[in-house]
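Given next are the chains, with one letter for each unit.
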Amino acid sequence: MGWIGKSVKRSDAKSKVMGAALYIDDYGYEGMLHAATVRSPYPRARIKKIDFSQAQKVPGFVRGITAKDVPGKNLWPLVMHDYPFLAEREAKFAGEAVALVAAESLQAARDAAAATRLLLEELPCVTDPLQALKKSAPRVYGRDNVFARYVVKKGDVAKGFEEADAVAEGIFTTGYQMQAYLETQGMIAFPESHGGVTLYGSMQCPYYVHDAVAAALGIAYNKVRVVQRSTGGGFGGKEDMPALVGTHAALAAVLTGRPVKLIYDRREDFISMSRRHPSWTQLRYGAKRDGALTACQAKFILDAGAYATLSPIVLWRGTVHAAGPYRIPHVLIESCAAATHKAPCGAFRGFGQPQSAFAHESLIDELALKLDMDPLDFRLKNALRVGDETATGQKLGESCGMVDALEEVRDASDWKKKRADYPAWKSGGARRRGIGVAANYYGVSLGARGRYLDRAAAQVQIQPDGTVMVAIGNTEIGQGARTVISQIAAESLNAPYEHIQVLETDTSRVPDSGPTVASRTTLMSGNAVLNACEPLRRRIFETAQEMLKKKGGAETPMSASDGKFSVAAAEVGFAEVARECYLRKLKMAEQGWYSAPPTSFDTETGQGDAYVTYAYSANVAEVEVDAETGETKVTKVTSAHDIGKVINPNAAEGQIEGGIVQALGYAFIEEIIEREGQVVNPNFTDYILPASADAPEFKTILLEHPYPAGPYGAKGLAESPIIGPAPAALNALRHACGVRLSHIPAMPEAIWKAVKHGDQKKQ
Amino acid sequence: MAIKKNNNFIKLAALRCRVNGRAVQKMVETGKRLLDFLRSDLRLTGTKEGCGDGECGACTVLLDGRPVNACMVMALQAAGRSVVTIEGISPDPRILHPLQQGFIDQGGVQCGFCIPGMIMSCAALLEKNPQADLEAIKAGMSGNLCRCTGYEKIFRAVEQARRELELKNAQR
């Protein structure tokens, strides 16, 4: 293979290093207005009056917009249809959008928003998810404050625990985490003469924006067009949320008849946009003396916030994977997403799995210790293999690299030696070292719960000069989609990689291809591109063959590589062939389509083929802990990832390294402090992101257990790397200090207290 | 001087400075941040706003050769001084600065939003410490947040640029 498996340079890197790549706030237009959002300051409030009289006095004020001005339906058509674009009677979280103002300048818009008076009546609220599930709790959603419930039931869990010689149990909790993309949310909306609107902006999922804008404006889909601009990070935070931001911009544009720009500042992004769900997991594992797992039982609760957004799907993914990547005959997992009067939680890389994996990987370690087994050997003994069944009863027929990944990290990290040596390691008295492991799997693409969206389209057009335009329905958000898609197209067509241009995603060019989430772009868009390339490839190759024949190379078979077609006596380049195709009046543009193979999920039993395939990761983390301060430094992470086929090794490593650092932020330093429904630290001064000094040393191993239905065997990668490192690091901390921290982020104070307490107990 | 704009009196003052080597003379609002002056008045949009609090470093530019967060500096503070932005980092716009090339070659770019600021900080770092080792690089760019890469490939990019610049200096 020519382009597959090569670390070609990112197609968008040059424009980005030059500062020439244009993000949404870099655009400005003649006559453009700016919008700003008026937000409720209370966790729950009845809206009595919205008064723009003072705002109108702000020079440059153009108009105010409330729920009453929404021409279509004031409910976001997303999963549960419960979130109004603008709060009407009741605002359900501090930061919820109540009104918009449009003005001649950004400053005027913000001044006018600040001058808008909200007459609100504060109502009783509930901000703790376990409280919210009680009968007496104030109502957030429905009758019971539950957005969704799932059960996964396999075998007989009571019998499984009877058969167990050792049982471990515990309660594990995780906090919020912000996606903290460096570019805040932003959109520009243009009113169109046909009564519709065109939107440009920062987003992962243009089709979600399309759905929302059409609903809010009450207009036909063919009057809405959504185009993605260079997007400064997403991580799930730009999955659904841009639909809300975009709808606000579209409302303002249509109601004023002028282009409108809406860019969030960091604070409002922090208080109003989605974030990773806090979780509460009660978990129990049983195993036989020889280490074979017999049973797993879990209760898994997510704190969803005030509106459902994507919570039902996040919960489902977390639930399906909650038993871990192990062969367990008896499983019972029950889960629910609780509504609370706080900002809605939603998609964040890993999508419910970092939460449930923190619990299962922490407890698997404890059970290994009870059995006096090495935690890595214990995982290896139980790890899923080809032919095994997952917790949902899905039989793994192929492409399962869990054992391979664990063995690779064991050997590459020098696990056995360090596991034996580190407890005795001493430096300066208080510093201690430990090493820990975690395993995870990740269902690639949307799975059974999102199966109706699991399709993708592509358009490939070969130009007369031999350059190629590729349009896909998924987006480039930094993960390298354009580069990988370019490689796939170049490989299929035998075109030079540099000839491929993947366009900014535009809903008018490619039909609804579902969201850019769930590590699905390489698989779904990659396959759609291959589907489009197939007839083009045939025409190109046949034409090349005939051209070579004319040049006197009739007898020998043609070879095709690096954009050249050759026989012993002659050679033609891709551009020449493309030109010849045009002269022969051949069709040089094709639409491609791919729909995912069937998946299933029985809502009564939680059994079924939940996902089309899985990626597998193993992480070994090494930590150094200062017992006197609790300060913990992750010094090295060795990780191995089975992603089917590596399309671009450098880009794959970048995804893994970035995922690991986000995971370590989740484990140790990123903490949203929320008091009575208010975010106390909505800024980068008080919400700490990992910086250069926090990056560990990396040892990254890429494994290929090809998935036959994937493009060149590829599965998906982006999310699997963020799932394991947090529990691996906490397991390393356990190894270093002998204490189990059951909550993340494990801040230095908590570590210091736990270590001190643990040391006292030992004495 | 004060002018009436949208019925509001805004104080304006003359700003003379050099931006990317070129003399600039403009009337600016006294309360305007250097970041907005660069982005809105001069249309130099390569400099990004990530937080507005001086925490993320996405708006880093060089002010008399030293890295500053352009969101924390008033435009008028640049009076009589020299500002360099990502658009001016390479003396010849047709040739990439070794740092820019390093970020491309090593895979140091993902979403790209932090990159212009990152490159400006690293340029200042290598100017000050041409032999910067990994520890010095880590420390020198600790004010620039990247949410995508995990930093590893950025370290490699800066190391490549350092070697390139060392080579160039040796040839001189």
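Residues numbered from 1 in each chain as written. Chains lettered and ligands numbered in written order. Predicted model: local features only at pLDDT ≥ 70, side-chain atom pairs only at ≥ 80, totals over all residues.

Thoughts on the overall build of chain B
Moving on, step 1. Regarding its fold elements, chain B presents five helices and six strands.
Moving on, step 2. Its helices and strands in sequence order give chain B the pattern β-β-β-α-β-β-β-α-α-α-α, from N to C terminus.
Moving on, step 3. A compact globule built from 172 residues should have a C-alpha radius of gyration of about 16 Å, and chain B, at 17 Å, falls within 12% of that.
Moving on, step 4. When its C-alpha atoms are laid out on the principal axes, chain B stretches across 55 × 35 × 25 Å.
Moving on, step 5. Looking at chain B as a whole, 53% of its 172 residues qualify as buried.
Moving on, step 6. Of all intrachain contacts in chain B linking residues separated by at least 6 positions in sequence, the fraction that spans at least 24 positions is 57%. (Helix = DSSP H or I, 4+ residues; strand = E, 2+ residues; numbered from the N terminus. Rg over C-alpha atoms; globule rule 2.2 N^0.38 Å. Buried ≥ 20, exposed ≤ 12 C-beta atoms within 10 Å, placed from the backbone. Contact = placed C-beta atoms within 7 Å.)

Considering the overall build of chain A
Moving on, step 1. Broken down by element type, chain A carries 19 helices and 29 strands.
Moving on, step 2. Against the globule reference of 27 Å for 763 residues, chain A gives a C-alpha radius of gyration of 27 Å, in line with a compact fold.
Moving on, step 3. In terms of overall dimensions, chain A has a C-alpha envelope of 85 × 80 × 55 Å along the principal axes.
Moving on, step 4. The buried share of chain A, taken over its 763 residues, is 63%.

Examining the nonpolar core
Moving on, step 1. Membership of the largest hydrophobic core comes to 316 residues, with the highest contact counts inside it found for Val-101, Ala-249, Ala-252, Ala-489 and Val-529 of chain A.
Moving on, step 2. Setting aside anything within four residues of it in sequence, one finds Ala-252 of chain A in contact with Leu-33, Ala-35, Ile-65, Leu-100, Ala-102, Ala-189 and Val-260 of chain A. (Core = buried A, V, L, I, M, F, W, Y, C linked by C-beta atoms within 7 Å.)

Structural notes on unusual backbone geometry
All names here are of chain A.
Moving on, step 1. With an omega of 0 degrees, the peptide bond between Ile-744 and Pro-745 qualifies as cis.
Moving on, step 2. You can see Pro-745 is positioned in the loop between strand S29 (743-744) and helix H19 (748-762).
Moving on, step 3. Of note in this structure, Ala-518 is not a glycine but carries a positive phi near 55 degrees.
Moving on, step 4. Residue position: Ala-518 is located in the loop between strand S19 (500-502) and helix H14 (521-550).
Moving on, step 5. For Ala-518, a count of 28 C-beta atoms within 10 Å translates into the label buried.

Overview of the packing of helix H2 (residues 98-106) of chain B against helix H5 (residues 152-171) of chain B
Residues and elements named next belong to chain B.
Moving on, step 1. The geometry of H2 relative to H5 is characterised by a closest axis approach of 8 Å and an angle of 135 degrees between their N-to-C directions. Considering their axes alone, H2 and H5 lie oblique with respect to each other. Considering how the two elements wind past one another, H2 and H5 form a crossing that is right-handed. Residues Pro-98, Leu-99, Gly-102, Phe-103, Asp-105 and Gln-106 of H2 touch H5, and the partners they reach there are Lys-153, Arg-156, Ala-157, Val-158, Gln-160, Ala-161, Glu-164 and Leu-165.
Moving on, step 2. Classifying every residue of the contact of H2 with H5 by side-chain character gives seven nonpolar, three polar and four charged. (Axes fitted to C-alpha atoms, helices over the stretch in contact; angles between N-to-C directions. Parallel < 35°, antiparallel > 145°, perpendicular 65-115°, else oblique. Left-handed = near helix turned anticlockwise from the far one by under 90°. Nonpolar A, V, L, I, M, F, W, Y, C, P; charged D, E, K, R; others polar.)

What about the interface of chain A and chain B?
Moving on, step 1. Taken together, the contact pairs 45 residues of chain A with 39 residues of chain B.
Moving on, step 2. Among the elements that line the side of chain A that touches chain B, the one with the most residues is helix H16 (residues 649-668) of chain A, at seven residues.
Moving on, step 3. Taken together, the residues of the side of chain A that touches chain B sort by class into 20 nonpolar, 14 polar and eleven charged.

Concerning the domain arrangement of chain B
Residue and element names in this part refer to chain B.
Moving on, step 1. In terms of domains, chain B is made up of domain 1 (2-88) and domain 2 (98-171).
Moving on, step 2. Distance from the C-alpha centre of domain 1 to the C-alpha centre of domain 2: 24 Å.
Moving on, step 3. Listing elements by their share of the side of domain 1 that touches domain 2, those giving two or more residues are strand S4 (60-63) and strand S5 (66-69).
Moving on, step 4. The element that contributes the greatest number of residues to the side of domain 1 that touches domain 2 is S4, accounting for three residues.
Moving on, step 5. Class assignment of the residues belonging to the side of domain 1 that touches domain 2 gives a composition of seven nonpolar, six polar and two charged. (Domains from an automatic or database assignment.)

Description of the sheet that holds strand S6 (residues 117-122) of chain A
All names here are of chain A.
Moving on, step 1. Pairing is antiparallel across the open sheet formed by three strands, whose spatial order is S4-S2-S6. Whereas interior strands pair on both sides, the edge strands pair on one side only; in this sheet they are strand S4 (90-91) and S6.
Moving on, step 2. Pairing analysis gives six bridges linking strand S2 (residues 45-51) to S6, with the strands arranged antiparallel. Bridged to Arg-46 within S6 is Glu-121. (Pairing = 2+ DSSP bridges.)

Some details on the domain arrangement of chain A
All names here are of chain A.
Moving on, step 1. In terms of domains, chain A is made up of domain 1 (24-123 + 185-263), domain 2 (279-384 + 398-448 + 602-762) and domain 3 (455-595).
Moving on, step 2. Taking only C-alpha atoms into account, the centre of domain 1 sits 39 Å from that of domain 3.
Moving on, step 3. Facing 18 residues of domain 1, the contacting portion of domain 3 comprises 14 residues.
Moving on, step 4. For the side of domain 1 that touches domain 3, the secondary structure elements donating two or more residues are helix H5 (206-217) and strand S11 (224-228).
Moving on, step 5. Residue composition of the side of domain 1 that touches domain 3, by class: seven nonpolar, seven polar and four charged.

Thoughts on the sheet that holds strand S23 (residues 589-595) of chain A
All names here are of chain A.
Moving on, step 1. Spatially, S19-S18-S17-S23 is the arrangement adopted by the four strands of the open sheet, whose pairing is mixed. Looking at the sheet topology across the chains shown, the edges are occupied by S19 and S23. The sheet shows a mean angle of 20 degrees between the axes of neighbouring strands, taken without regard to direction.
Moving on, step 2. Inspection of the sheet shows strand S17 (residues 455-462) paired to strand S18 (residues 468-472) by five bridges, in the antiparallel sense.

Some points on the confidence of the model for chain B
Caution applies to low-pLDDT regions: their predicted coordinates should not be interpreted in detail.
Moving on, step 1. Model confidence for chain B is summarised by a mean pLDDT of 94, while 95% of its residues fall at 70 or above.
Moving on, step 2. Interface confidence in the predicted complex, given as ipTM, is 0.97; pTM for the same model is 0.97. (pLDDT = per-residue confidence, 0-100.)

Comments concerning H14 of chain A
Moving on, step 1. Over its 30 residues, H14 of chain A runs 41 Å from end to end, which matches the ideal 44 Å to within 8%, given 1.5 Å per residue.
Moving on, step 2. Considering bend angle alone, the principal kink of H14 of chain A is centred on Glu-534 of chain A and spans about 35 degrees; proline Pro-535 of chain A follows within four residues of it. (Expected span 1.5 Å × (residues − 1). Bend = angle between axes of the 7 residues up to and from the residue.)

Overview of the environment of Ala-78 of chain B
Residue and element names in this part refer to chain B.
Moving on, step 1. Examined against the element boundaries, Ala-78 turns out to sit in the loop between S5 and strand S6 (82-84).
Moving on, step 2. Take Ala-78: there are 25 C-beta atoms within 10 Å of it, and that puts it in the buried class.
Moving on, step 3. Sequence separation between Ala-78 and Arg-18 is 60 residues, and the spatial gap between their C-alpha atoms is 8.5 Å.

Describing the pairing of strand S25 (residues 632-642) of chain A
Moving on, step 1. Most of S25 of chain A sits inside the fold, with eight of its eleven residues counted as buried.
Moving on, step 2. What sits between strand S24 (residues 614-626) of chain A and S25 of chain A in their antiparallel hairpin is a turn of five residues, with Gly-630 of chain A showing a positive phi close to 85 degrees.

A closer look at helix H11 (residues 402-412) of chain A
Moving on, step 1. Along H11 of chain A, the residues that are buried comprise Met-402, Val-403, Ala-405, Leu-406, Glu-408, Val-409 and Arg-410 of chain A.
Moving on, step 2. Tucked into the core, H11 of chain A has its buried residues touching helix H10 (375-382), helix H12 (415-421), strand S16 (431-443), S24, S25 and strand S28 (697-703) of chain A.

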